[in-house]
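Survey of secondary and tertiary structure
What follows is the residue order along each chain.
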Amino acid sequence: MPTAVIIDAVRSPLGRRNGQLAGWHPADLAGEVLAGLVGRNDLDPVLVEDVIMGCVIQVGEQALNIGRNAVLAAGFPESVCATTVDRQCASSLQAVSFAAQGVMAGAYEVVVAAGVESTTRAPMGASMVPGLGAPFGPAMTARYAPVGGLVPQGIAAEAIADRWQLSRHDLDAYAVTSHQRAARASTEGRFAAQIIPMKVRDAQGHETGEVTSQDEGIRPLTTMESLGRLRPAFRLGGSITAGNSFQMADGAAAVLVMSEGRAEALGLVPRARLRAFAMAGVDPVTMLSGPIPATAKALERANLTLDDIGLIEMHESFASVVLAWARSLGLDMARVNVNGGAIALGHPLGCSGTRLVTTLVHQLENSGARYGLAAAGEVGGTANALVIERLG
Ligand SMILES: CC(C)(COP(=O)(O)OP(=O)(O)OC[C@H]1O[C@@H](n2cnc3c(N)ncnc32)[C@H](O)[C@@H]1OP(=O)(O)O)[C@@H](O)C(=O)NCCC(=O)NCCS
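Every chain's residues receive numbers from 1 upward, in the order its sequence appears when written. Thresholds applied to this predicted model are a pLDDT of at least 70 for local features of residues and 80 or more for the giving and counting of side-chain atom pairs; totals over whole chains, interfaces and linings are not thresholded and use all residues.

Turning next to the overall build of the protein. In terms of helices and strands, the protein carries 12 helices and 12 strands. Note on method: radius of gyration uses C-alpha positions; expected globular size equals 2.2 Å times residues raised to 0.38. For 392 residues, the compact-globule formula gives about 21 Å, and the C-alpha radius of gyration of the protein, at 20 Å, lands near that figure. Its C-alpha atoms put the protein at 60 × 50 × 50 Å along the principal axes. Once C-beta atoms have been placed from the backbone, residue pairs whose C-beta atoms lie within 7 Å are recorded as contacts. Restricting the contact set of the protein to residue pairs at least 6 apart, pairs at least 24 apart contribute 81%. Labels follow the DSSP assignment, with helices taken as runs of H or I lasting at least four residues and strands as runs of E lasting at least two, numbered in each case from the N terminus.

Structure, rendered in structure tokens:
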């Protein structure tokens, strides 16, 4: 079976909703990142057989296979194929798995896993079109009625905080750490090698002359006091606030995956090997506890234990989700999200999986750790995890 390797992993800087990337059509934003990826590796894009792109809100500017539209926006040859994947918050983590699995099956030699989302231009919820019905049909609704019915993600995050006995203090303290870690990583230039600088565009899409390579969401001055002033966002008397939840964001990321043999033939040096992939499903009401079994399953498939894993990128949908996962697995947080996560950097939904892998590849090299794990939970109760091994 061919070995799947990562040659490079890049991302745009992340923008706040209505922020620095708001003037970018998401297909062009993703196209810019794809062009940056092949450009900096001197790779002729004609060699890319497929682009597998995560995107969640596939409506408006993100409709009609944004993966293909991004390929054409990037100026790649028309022969380069693309597809768009929706596995909710881990869409592009799934894209990395699909890309690697395709290589391992011998179906691809060169493939790009990517992700994009503009929560500015295709806001969350926009794909639920008024007048066209609801996504949960009568059968699914009836199935979960006895346990109180299906709930929004924020309510699930509250339920997780209750079940794992996580206090508002615990959640806010985690959020402060996320901002502090992201601020330090940014100040120390730890993101520089993974970011493709983006030209800033105004609301009409015209370039303003500015270029950005900084993540916009980080609030270095976040304190327990400033977070303590925020009101619960989902439940009266609850503990989940805008400050201890992910921030809406815009961004794109891309990971170049090849067979080891093709990389060698092209003279490209692999940076990491894709070791194992796993998915797990849990009940869609608690919803976000899926990374607990997904992590365990990925480790088992990699024939590793948590002690072998030097770094973990665990999607920060909500502080309660990360803390419950860590508590269940008996993990200390010293090797988890060492450069912050979606609470500080933001969560451009379809982009976040490849953002996690990108940060992981680069941070494994910065730290010298050998194995890294990325995991994310998804709306609907599914979760993805994968294990990579640094080679460079
Ligand atoms: C959590 C959620 C309610 C936050 O709402 P939002 O409107 O995007 O939050 P904002 O980023 O605008 O922040 C709200 C306020 O908190 C403040 N805030 C956020 N983070 C802060 C921080 N670290 N320090 C201080 N204040 C902060 C903001 O400044 C803002 O204050 P303002 O209203 O005075 O401007 C929203 O993101 C949400 O609904 N998320 C879950 C969605 C979901 O279920 N998705 C399912 C599919 S993935």
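Nonpolar side chains tend toward joint burial in soluble globular proteins. Any set of buried Ala, Val, Leu, Ile, Met, Phe, Trp, Tyr and Cys residues joined through C-beta atoms within 7 Å is what this text calls a nonpolar core. Three exposure classes are used. Buried residues have 20 or more other C-beta atoms within 10 Å of their own C-beta, exposed residues have 12 or fewer, and partly exposed residues fall in between, all C-beta atoms being placed from the backbone. With 126 residues, the main nonpolar core has L34, M53 and A114 as its most contacted residues. Setting aside residues no more than four positions away along its own chain, L34 makes contact with V51, A70, V71, A74, F76, V112, A114 and A254.

Moving on to the site of the ligand. Looking at the ligand, there are 19 residues lining it, with Q153, T222, A233, A242 and S245 nearest. When the residues that make up the shell around the ligand are grouped by side-chain class, the tally is 10 nonpolar, 8 polar and 1 charged. As a rule, any residue with its backbone-derived C-beta atom within 6 Å of a molecule or strand is reported as near that molecule or strand. Residues are sorted three ways: Asp, Glu, Lys and Arg are charged, Ala, Val, Leu, Ile, Met, Phe, Trp, Tyr, Cys and Pro are nonpolar, and all the rest, Gly among them, are polar.

This part covers helix α6 (residues 168–187). The first and last C-alpha atoms of α6 sit 28 Å apart over 20 residues, in line with the 28 Å expected at 1.5 Å per residue. Buried residues of α6: R168, L171, D172, Y174, A175, V176, S178, H179, R181, A182, A185 and S186, and no others. Contact partners of the buried residues in α6: α5 (153–163), α7 (224–228), α10 (319–329) and α11 (342–345). Note on α6: the residue one or two positions beyond its end, G189, has a positive phi of about 75 degrees. The length a helix should cover is 1.5 Å for every residue beyond the first.

The phi torsion at N18 lies on the positive side, around 65 degrees, for a residue other than glycine. Among the residues examined, N18 registers 13 C-beta atoms within 10 Å and is labelled partly exposed. Residues other than glycine seldom take positive phi values, yet M287 does so here, at roughly 65 degrees. Relative to the elements of secondary structure, M287 occurs in the loop between β9 (272–281) and α9 (291–302).

Across its 14 residues, helix α3 (residues 91–104) extends 20 Å between first and last C-alpha, which sits within 8% of the 20 Å expected from 1.5 Å per residue. Among the 14 residues of α3, 12 are classified as buried, and the element is accordingly described as predominantly covered. Every buried residue belonging to α3 is among S91, S92, L93, Q94, A95, V96, S97, F98, A99, A100, G102 and V103, and all of these are buried. One or two positions beyond α3, positive phi appears at G106, with a value near 85 degrees.

Whether two strands pair comes down to DSSP finding at least two bridges between them. Bridge count for strand β6 (residues 198–201) against strand β7 (residues 207–212) is 3 bridges, and the pairing is antiparallel. Bridge assignment links K199 to a residue of β7, and that residue is V211. Counting the residues in the hairpin turn of β6 and β7 gives 5 residues, including G205, whose phi is positive at 90 degrees.

The element strand β12 (residues 382–390) is extensively covered by neighbouring structure, given that 8 of its 9 residues are classed as buried. Sheet topology places strand β11 (residues 371–377) next to β12; 7 bridges connect them, and they run antiparallel. When the bridges of β12 are listed, A375 appears paired with A385. Hairpin connection from β11 to β12: 4 residues lie between these consecutive antiparallel strands, with G380 at a positive phi of about 105 degrees.

Looking now at the packing of helix α1 (residues 26–40) against helix α2 (residues 66–73). In this analysis, axes come from line fits to C-alpha atoms, helices being fitted only over the stretch in contact, and the angle between any two N-to-C directions falls in the range 0 to 180 degrees. Between α1 and α2, the shortest axis-to-axis distance is 7 Å and the interhelical angle comes to 60 degrees. Here α2 runs oblique to α1, going by the angle between their axes. Of the two elements, α1 crosses α2, and the hand of that crossing is right-handed. Of the residues in α2, those in contact with P26, A27, D28, A30, G31 and L34 of α1 are I66, N69, A70, V71 and A73. Class assignment of the residues belonging to the contact of α1 with α2 gives a composition of 8 nonpolar, 2 polar and 1 charged. What sets the label is the angle itself: under 35 degrees gives roughly parallel, over 145 gives roughly antiparallel, 65 to 115 gives roughly perpendicular, and the rest give oblique. With the far helix as reference, a near helix turned anticlockwise by less than a right angle produces a left-handed crossing, and one turned clockwise produces a right-handed crossing.

Now for the packing of α6 against α10. At a minimum axis separation of 9 Å, α6 and α10 run at an interaxial angle of 100 degrees. Between α6 and α10, the crossing angle belongs to the class labelled roughly perpendicular. Residue-level contacts link D170, L171, Y174 and A175 of α6 to A319, S320, V322 and L323 of α10. In terms of residue class, the contact of α6 with α10 is made up of 6 nonpolar, 1 polar and 1 charged.

Turning our attention to the environment of A193. Relative to the assigned elements, A193 resides in the loop between α6 and β6. Taking the C-alpha atoms as reference points, A193 and R11, 182 residues apart in sequence, are found 9.6 Å from one another.

Among the secondary structure elements, I7 is positioned in strand β1 (residues 4–11). With 22 C-beta atoms packed within 10 Å, I7 lands in the buried category. Counting along the chain gives 200 residues from I7 to E207, while the straight-line C-alpha distance between them is 31 Å. Excluding residues that lie within four positions of it along the chain, I7 makes contacts with N41, L256, M258, A263, L268, P270 and R271.

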